[in-house]
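# Observations on the model geometry
Listed below, chain by chain, are the residues.
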Amino acid sequence: MSENHTENTRDVGPHQHAHAQPTTQQIRTVGQRRREAEEKLEHHLEEARHKSEDHDAATT
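Described in the following lines is the structure provided in the data block. (Residues numbered from 1 in each chain as written. Predicted model: local features only at pLDDT ≥ 70, side-chain atom pairs only at ≥ 80, totals over all residues. Heavy atoms only, no water.)

Helix and strand counts for the protein stand at 2 helices and 0 strands. Burial statistics for the protein: of 60 residues in total, 2% are counted as buried. When the accessible surface of the protein is totalled, it reaches about 6,000 Å², and 52% of it is carbon and sulfur. (Helix = DSSP H or I, 4+ residues; strand = E, 2+ residues; numbered from the N terminus. Buried < 20%, exposed > 50% of the residue type's maximum accessible area, 1.4 Å probe, protein only. Areas by Shrake-Rupley, 256 points an atom, 1.4 Å probe, with all protein chains shown as cover.)

Bringing the pattern of salt bridges into the picture now. Counted by the stated rule, this structure contains 2 salt bridges. R49 is the salt-bridge partner of E46, the closest N and O atoms lying 2.8 Å from each other. Placement of both E46 and R49 in helix 2 (residues 24-59) is noted, with a separation of 3 residues, approximately one turn of the helix. What makes E46 partly exposed here is its relative accessible area of 32%. For R49, a relative accessible area of 41% corresponds to the partly exposed category. (Salt bridge = Lys/Arg side-chain N within 4 Å of Asp/Glu carboxyl O.)

So this is what it looks like as structure tokens:
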């Protein structure tokens, strides 16, 4: 069984180990996804603010 464990530690393949350094492309992809998520969140917050303003104006 120890042989099998030794082979698995050398095989990084598509599933990298937690201590492996991310590649430049992976870092860029994470940054891009984060920016897109922040933009999407900001858009949803803006919509919520406008709905709240419209609701407040209708009730007064």
